[in-house]
Amino acid sequence: MEALDELAVALRGRLIERARSGETSGAGLEAEVRRLVELEAAPLPEADRADLCARVVLLARGLGPLEPLLSDPLVDEVMVNGPDEVYVERRGRLARTGVAFPGETELMHAIERILAPLGRRVDEASPLCDARLPDGSRVHVVIPPLSLSGPCLTIRRFRREGFSLRDLVARGTLAPELAEFLALCVAARVSLLVSGGTGSGKTTTLNALSGAIPGEERIVTIEDAAELRLRQRHVVRLEARPASLEGRGEVTIRTLVRNALRMRPDRIVVGEVRGAEALDMLQALNTGHDGSLTTVHANSPADALRRVETLALMAGVGLPHSAVRDQVASALDVVVHQARLPDGSRVVDSVTEVVRAAGGVGTRELYRRGGGSLRPPTDGALAARIGALRGRGARVERAGRASDSEPGEPAEAPQPRSETRDAGPAETRHPGSAETRDPGPAGGAGRSEGSV
């Protein structure tokens, strides 16, 4: 640890002692720190004293040694494995930093400063906690006795401005023709599932795909920890709530999905299905709320469909497995599978069409990374929806590279547009909007047979 860091820790302790003994003047934290530094570190040069003041303030009010990491725009995630080990993820690659806490006590103080404003806490009785920082970053805490490495803290950074489909094309996440196809699917009210492993970029892709939803539609987003940032005007954001310290007041994703159906949504976007809410989501998709989007953890598109079945069965309503499988086949149209490559980059690995097969549900691959061009969908519900949208004059603006934009101009997602309607200069009208939706057969009716 640098000498200034050691001195900052010592001055923070002195600051706490002064506050407890009533020696502070009430002039504010920054003023108290400046007075203390002038008193205790007067021989230091002025520049060092200013740096020391900043470090003491960070220790007293911020997250201490983690503040510089959280201020780095290239850092996507911060992982603290006890006071002596701090790792970060930059551009998909993990690296150990030289940052360390003086001890477990200081690390616990930082954790408490995160949780206290949220009304949360961790202790031996409740050694696990999930929380969200004011900027939306997601926090997970594990402390002893569950953690044998000391207090562990994981912070997943939140991007205030999410990526658009055009941004994902520029970053190599997906091909331009695939971005166009997926944007058209979303505008045509195709029900879409994004699958992949942890950290594969599912939520990022989901957020980008949501940019193709017509601006006049009412959208309800439901998340365990709010991460989505939709750009449309009419968006209602709902977030689940964990139980209080007394074990009361919990509001689950499933409860929010049920209530969202009473809010007159045109689209429901669920950040991730991971439990019994899968059944409610399937029922919503099969009762007029088509065109909704969600994600699920899975290793392949076929595994994603099987996992949705399993999660729906966890609802405990006694439905036969075959009935749940039929619900999945009718509710979902397309599965977009994400993967994380060894170099840390995230890519769309495949896009599959959900089809009815002998005995239930199957998949038909439309796109495979490195496997040639995009295949057209079969003559079923998916093809009917896209065909109806195109028949009304819809086209998709090409998702070119970011360099195609004017300098300083933010990149936009490829948007389906209609050449047959005049939306005016301030608004783009989509043929798949609430005024003209349901271009094809509802649910899975008319879905063609396909191979598994």
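See the structure shown above.
Residues numbered from 1 in each chain as written. Predicted model: local features only at pLDDT ≥ 70, side-chain atom pairs only at ≥ 80, totals over all residues. Heavy atoms only, no water.

K.L.:
I'm lost on the overall build of the chain in this one. Help?
P.N.:
Of regular secondary structure, the chain possesses 13 helices and 16 strands. Relative to its 452 residues, the chain shows a buried fraction of 50%. Pairs at least 24 apart in sequence give 58% of the contacts found in the chain among residues at least 6 apart. Carbon together with sulfur atoms contributes 49% to the accessible area of the chain, which is approximately 20800 Å² in total. (Helix = DSSP H or I, 4+ residues; strand = E, 2+ residues; numbered from the N terminus. Buried < 20%, exposed > 50% of the residue type's maximum accessible area, 1.4 Å probe, protein only. Contact = heavy atoms within 4.5 Å. Areas by Shrake-Rupley, 256 points an atom, 1.4 Å probe, with all protein chains shown as cover.)

K.L.:
Can you walk me through the sheet that holds strand S11 (residues 293-297) in this structure?
P.N.:
Note: strands within a sheet are paired through backbone hydrogen bonds, in either parallel or antiparallel orientation. Read across the open sheet, the eight strands follow the order S9-S8-S10-S11-S7-S12-S13-S14; overall the sheet is mixed. The open sheet is flanked by strand S9 (235-239) and strand S14 (360-368), the only strands paired with a single partner. Averaged over all pairs of adjacent strands, the angle between strand axes in this sheet comes to 25 degrees, irrespective of strand direction. As judged from the seven bridges shared by strand S12 (residues 334-340) and strand S13 (residues 346-357), these two strands associate in the antiparallel manner. Residue valine 335 lies in a different strand from S13, and its bridge partner there is threonine 352. (Pairing = 2+ DSSP bridges. Axes fitted to C-alpha atoms, helices over the stretch in contact; angles between N-to-C directions.)

K.L.:
What is the right way to read the sheet that holds strand S4 (residues 128-132) from this model?
P.N.:
Here six strands make up an open sheet; going across it, the order is S3-S2-S1-S6-S5-S4 and the pairing antiparallel. Edge positions in the sheet fall to strand S3 (93-96) and S4, since each of these pairs with one other strand and no more. Adjacent strand axes in the sheet meet at a mean angle of 15 degrees, parallel and antiparallel pairs treated alike. Note: strand S5 (residues 138-142) against strand S6 (residues 152-156), five bridges, orientation antiparallel. Bridged to valine 139 within S6 is isoleucine 155. Helix H5 (residues 104-115) contacts strand S1 (75-81), S4, S5 and S6 of the sheet and is inclined by roughly 45 degrees relative to S6.

K.L.:
I tried to follow the packing of helix H7 (residues 176-187) against helix H13 (residues 381-391) on my own but got confused; where do I start?
P.N.:
Helix packing for two helices is described by the angle between their axes and how far apart those axes are. Their axes nearest at 9 Å, the elements H7 and H13 cross at an angle of 90 degrees. One way to sum up the angle between H7 and H13 is to call them roughly perpendicular. Mapping the contact onto sequence places Phe181, Leu184, Cys185 and Ala187 in H7 and Leu382, Ile386, Leu389 and Arg390 in H13. Here the residues of the contact of H7 with H13 are counted per class, giving seven nonpolar, no polar and one charged. (Parallel < 35°, antiparallel > 145°, perpendicular 65-115°, else oblique. Nonpolar A, V, L, I, M, F, W, Y, C, P; charged D, E, K, R; others polar.)

K.L.:
Can you help me understand the environment of aspartate 280 in this one?
P.N.:
Summarising the element assignment, aspartate 280 is placed in helix H10 (residues 277-285). Taking C-alpha positions, aspartate 280 is 9.9 Å from isoleucine 253, a pair spaced 27 residues apart along the chain. Excluding its chain neighbours within four sequence positions, the residues that come into contact with aspartate 280 are Arg254, Val257 and Arg258.

K.L.:
Can you walk me through the nonpolar core in this structure?
P.N.:
Taken as a class, soluble globular proteins show a tendency for nonpolar side chains to be buried jointly. One finds Leu174, Leu178, Phe181, Leu182, Leu192, Val336 and Val351 to be the most contacted residues of the largest nonpolar core, which totals 38 residues. Listed by contribution, the elements that provide at least two residues to this core are helix H6 (165-170), H7, strand S7 (192-196), helix H8 (202-209), S12, S13, S14 and H13. If one sorts the elements of this core by residue count, H7 sits on top with nine residues. Look past the residues within four positions of valine 351 in its chain and what remains in contact with it is Leu178, Phe181, Leu182, Val334, Val335, Val336, Glu365, Leu366 and Tyr367. Grouped together as the second largest cluster of nonpolar side chains are 36 residues, Ala284, Leu311, Ala312 and Ala329 included. (Core = buried A, V, L, I, M, F, W, Y, C linked by side-chain atoms within 4.5 Å.)

K.L.:
Is there a simple way to think about unusual backbone geometry in this case?
P.N.:
Generally, phi is negative for residues other than glycine and the peptide bonds are trans, each holding for most cases. Cis rather than trans, the peptide bond between proline 144 and proline 145 has omega equal to 10 degrees. Positionally, proline 145 belongs in the loop between S5 and S6. The residue arginine 91 is not glycine, and still its phi comes out positive at about 55 degrees. Here arginine 91 shows up in the loop between strand S2 (86-90) and S3.

K.L.:
Is there a simple way to think about helix H12 (residues 321-331) in this case?
P.N.:
Think of an α-helix as turning once every 3.6 residues; residues three or four places apart then point the same way. Inspection of H12 places Val324, Val328, Ala329, Ser330 and Ala331 among the buried residues, and these make up the whole buried set. In this structure, the buried side of H12 is in contact with H10, helix H11 (301-313), S13 and S14.

K.L.:
Looking at this structure, how should I read the pattern of salt bridges?
P.N.:
For side chains of opposite charge, pairing can occur when their charged atoms come near one another. Summed over all chains, the structure comprises 24 salt bridges. Residue arginine 35 pairs with glutamate 32 through a salt bridge whose shortest N-O separation is 4.0 Å. Note that arginine 35 and glutamate 32 are positioned in helix H2 (residues 29-40) at a spacing of three residues, about one turn of the helix. Overall, the relative accessible area of 45% leaves arginine 35 in the partly exposed class. Note that arginine 368 and aspartate 349 form a salt bridge whose closest N and O atoms lie 2.7 Å from each other. Taken as a pair, arginine 368 in strand S14 and aspartate 349 in strand S13 lie far apart in primary sequence, 19 residues in all. Residue classification places arginine 368 among the partly exposed positions, given a relative accessible area of 33%. Classification of aspartate 349 as buried rests on a relative accessible area of 14%. Salt bridges here are not isolated pairs; linked through shared partners, they connect Arg189, Glu217, Arg267, Asp290 and Arg385. (Salt bridge = Lys/Arg side-chain N within 4 Å of Asp/Glu carboxyl O.)

K.L.:
Can you walk me through the side chain of threonine 173 in this structure?
P.N.:
Its place among the elements puts threonine 173 in the loop between H6 and H7. Within the structure, threonine 173 has its side chain in polar contact with the backbone oxygen of arginine 346 (distance 3.4 Å). Not counting chain neighbours up to four residues away, the residues in contact with threonine 173 comprise Leu168, Gln338, Arg346, Val347 and Val348. (Polar contact = N/O pair within 3.5 Å; in protein donor to acceptor, adjacent residues only side chain to side chain.)

K.L.:
What should I look at first to understand the packing of H10 against H12 in this one?
P.N.:
Their axes nearest at 9 Å, the elements H10 and H12 cross at an angle of 50 degrees. Taken together, the axes of H10 and H12 lie oblique to each other. Here H10 runs over H12; the crossing is left-handed. Seen from H10, the contacting residues are Leu282, Gln283 and Leu285; seen from H12, they are Gln327, Val328 and Ala331. (Left-handed = near helix turned anticlockwise from the far one by under 90°.)

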